[in-house]
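# Fold and geometry: a report
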Amino acid sequence: MSCSRLKDYHDEELEPCLFFNMYVGVDKTVSKKEFLENALEFLYNLFSSGSVKGETLMNISVGGCLSENFITADFFNNIILLESSDACMKAIENWVRNEPGAVEQSHAAEFVCSLKGQSTEWKKQEEKTRKAIKKVVKWDITKENPLGEVVLPQADCIVILFYLELVSKDHNMYITLLKKLLSLLKIGGHLIFMTLINISYYTVGQHKFAALKCNEEFIQNSLTEAGCSILSVETHKREFKSPMVDHESIAYFVCRKDRAV
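What counts, and where the lines are drawn
Numbers given for residues are sequential positions, taken from 1 along each chain in its written order. Restriction of local features to residues with pLDDT of at least 70 applies here, the model being predicted, together with a cutoff of 80 or more for giving and counting side-chain atom pairs; totals for whole chains, interfaces and linings are based on all residues. Excluding hydrogens and water, the side-chain figures rest on all heavy atoms present in the structure. A run of DSSP states H or I qualifies as a helix once it reaches four residues; a run of E qualifies as a strand once it reaches two. Both are numbered from the N-terminal end. Note on method: radius of gyration uses C-alpha positions; expected globular size equals 2.2 Å times residues raised to 0.38. Between buried and exposed lies partly exposed: a residue is buried under 20% and exposed over 50% of the maximum accessible area for its type, with that area taken using a 1.4 Å probe on protein chains only. Per-residue and other accessible areas were derived by the Shrake-Rupley procedure at a 1.4 Å probe size, with only the shown protein chains allowed to occlude residues. Residues counted as positive are Lys and Arg, residues counted as negative are Asp and Glu, and His and the chain ends are not counted. Lysine's charge is taken at NZ, arginine's at CZ, aspartate's at CG and glutamate's at CD. Axis geometry follows a simple rule: fit a line to the C-alpha atoms, using only the stretch in contact for helices, then measure angles between N-to-C directions, giving values from 0 to 180 degrees. Here the word oblique covers every angle except those under 35 degrees (roughly parallel), over 145 (roughly antiparallel) and from 65 to 115 (roughly perpendicular). Working rule for contacts: check all heavy atoms of both residues, and any pair within 4.5 Å makes them a contact. Residues are grouped as follows: Ala, Val, Leu, Ile, Met, Phe, Trp, Tyr, Cys and Pro are nonpolar; Asp, Glu, Lys and Arg are charged; every other residue, Gly included, is polar. Only one rule defines a salt bridge in this text: a Lys or Arg side-chain nitrogen within 4 Å of an Asp or Glu carboxyl oxygen. Expected span of a helix: the number of residues minus one, times 1.5 Å. Under this definition, polar contacts are N or O atom pairs within 3.5 Å; protein pairs additionally need one hydrogen-donor-capable and one acceptor-capable atom, and for neighbouring residues in sequence, both atoms have to be side-chain atoms. UniProt positions are given in the numbering used here, feature names are shortened, and annotations may be inferred rather than shown by experiment. Bend at a given residue is defined as the angle between two axes, one fitted to the seven residues that end at that position and one fitted to the seven that begin there. Any two of the Phe, Tyr and Trp rings considered here, Trp counted by its six-membered ring, make a pair once their centres fall within 6.5 Å; the pair's planes then place it as stacked at under 30 degrees, edge-to-face at over 60, or tilted in between. Any Lys NZ or Arg CZ found within 6 Å of a ring centre and within 35 degrees of that ring's normal is scored as a charge over the ring. A pair of strands is labelled paired if DSSP reports no fewer than 2 bridges between them.

## Some remarks on the overall build of the protein chain
Broken down by element type, the protein chain carries nine helices and nine strands. Relative to its length of 261 residues, the protein chain is compact, with a C-alpha radius of gyration of 17 Å against a globular reference of 18 Å. The burial tally for the protein chain puts 55% of its 261 residues in the buried class. Per element, the accessible surface of the protein chain, about 11,400 Å² overall, is 49% carbon and sulfur. In the protein chain, 30 side chains carry a positive charge and 35 a negative one; their mean positions are 2 Å apart.

As structure tokens, this is what we get:
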């Protein structure tokens, strides 16, 4: 199936609750470990080491997933969430306001608490996370300035999870969006970048959605071109064997912003 016939991340057919539940829902096993638990454990170990710290963190991910913020709320006082899909933004706002029908993510909060040896404290962790999230901001990739008139403080850290490869139409757009996101990061600040290597599609319900195929060399070159030094990288071969998605591996990059571009 050609990419032009696939759905787009921003299309109304992408339903955030379904997206979340299909890949990292409480009843999942291998997919939840690969897409959720492994990433959360990586983030927990990284932030616990003290090598990445600050006051303000920005986070952009996909599908209304907030799980990584159950960890970052322990290390950053101010969390700003960016989202480019209206449906996913609404899902995030519903969770932050603790409204009925919000994406159920308590199993992720419980897993984060288990990493700290406090698995029964997940409700407190959810509330701590809600308090740490100071803003949910539209990141409109159709605009030259995706923030519009919104002015944000420079972040000490930006976390990007499985985002650029799912929203970019081509490699030029990928690099452009990466540079725009990094313009929000302080010089010397850290970028935590988690990405699906060589993915070309993913499935939500009955619909197939387009993704941009990027190999590790392209990603490393893009990060360097965007002004970053790569401090470390871990690559994990795909464990989740399913026609729902076709990535080859997952890579975790820890980068430092050295210059503005």
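On we go.
## Re the packing of helix H1 (residues 16–24) against helix H2 (residues 30–48)
Between H1 and H2, whose axes approach to 7 Å, the crossing angle comes to 110°. By the angle between their directions, the pair H1 and H2 is classed as roughly perpendicular. Where H1 abuts H2, its residues Met22, Tyr23 and Val24 lie against Ser31, Lys32, Phe35 and Leu36. The class makeup of the residues in the contact of H1 with H2 is five nonpolar, one polar and one charged.

## Remarks on the pattern of salt bridges
Any two side chains of opposite charge can pair, given that their charged atoms come close. Under the criterion given, the structure shown has 12 salt bridges. Note that Glu37 is salt-bridged to Lys32, the shortest N-O span being 3.9 Å. One exposure class covers both Glu37 and Lys32, and it is buried. Across the pair Asp156 and Lys186 runs a salt bridge whose closest N-O atoms are separated by 2.8 Å. Note that Asp156 is positioned in strand E4 (residues 155–161) and Lys186 in strand E5 (residues 185–197), a separation of 30 residues in sequence. The class of Asp156 is buried, set by a relative accessible area of 14%.

## Observations concerning helix H8 (residues 171–182)
In a regular helix each residue adds 1.5 Å, so 12 residues correspond to 16 Å; H8 covers 17 Å between its end C-alpha atoms and thus fits that length. Every buried residue of H8 is accounted for by Tyr174, Ile175, Leu177, Leu178, Lys180, Leu181 and Leu182. Measuring from the backbone nitrogen of Asn172 back to the side-chain oxygen at the start of H8 gives 3.2 Å, which picks out Asp170 as the cap.

## Observations regarding the UniProt feature "transmembrane region" (unreviewed entry) in the protein chain
Residues annotated in UniProt with the feature "transmembrane region" (unreviewed entry) correspond here to residues 181–204. Helix makes up 8% of residues 181–204 and strand 71%, and the two end C-alpha atoms of the span are 26 Å apart.

## Some details on H2
Its 19 residues give H2 an end-to-end C-alpha distance of 25 Å, which sits within 8% of 27 Å, the value for a rise of 1.5 Å per residue. When the local axis directions of H2 are compared, the greatest deviation, roughly 35°, occurs at Glu37. For H2, the buried fraction is high: 14 of the 19 residues fall into the buried class. One or two residues past the end of H2 sits Gly50, with phi positive at roughly 85°.

## What about the packing of aromatic side chains?
Here the structure, examined in full by the defined rule, presents 12 aromatic pairs. Both rings, one in Phe35 and one in Phe240, keep their centres 5.9 Å apart while their planes meet at 80°; by these two values the pair is edge-to-face. In this pair, Phe35 sits in helix H2 while Phe240 sits in the loop between strand E8 (228–237) and strand E9 (249–257), placing the two residues 205 residues apart along the sequence. As far as burial versus exposure is concerned, Phe35 and Phe240 are alike and both buried. Taken together through their ring pairs, the aromatic side chains of Phe19, Tyr23, Phe35, Phe162, Tyr202, Phe209 and Phe240 make up a single cluster. Of note, Arg130 hangs over the ring of Trp95, and the distance from its end group to the ring centre comes to 4.0 Å.

## What about the sheet that holds strand E1 (residues 56–60)?
If you walk across this open sheet you meet the seven strands as E3-E2-E1-E4-E5-E9-E8, and the pairing is mixed. Looking at which strands have only one partner, the edges of the open sheet turn out to be strand E3 (133–138) and E8. Going across the sheet, the axis of each strand differs from the next one's by a mean of 15°, ignoring polarity. Relative to E4, E1 runs parallel, the two being bridged by four bridges. In the strand pairing of E4, Ile60 is matched with Ile160. Along the sheet, helix H4 (residues 86–96) makes contact with strand E2 (78–83) and E3, crossing E3 at roughly 165°. Across the sheet, helix H9 (residues 216–225) lies against E5, E8 and E9, angled at about 160° from E8, the strand it touches most.

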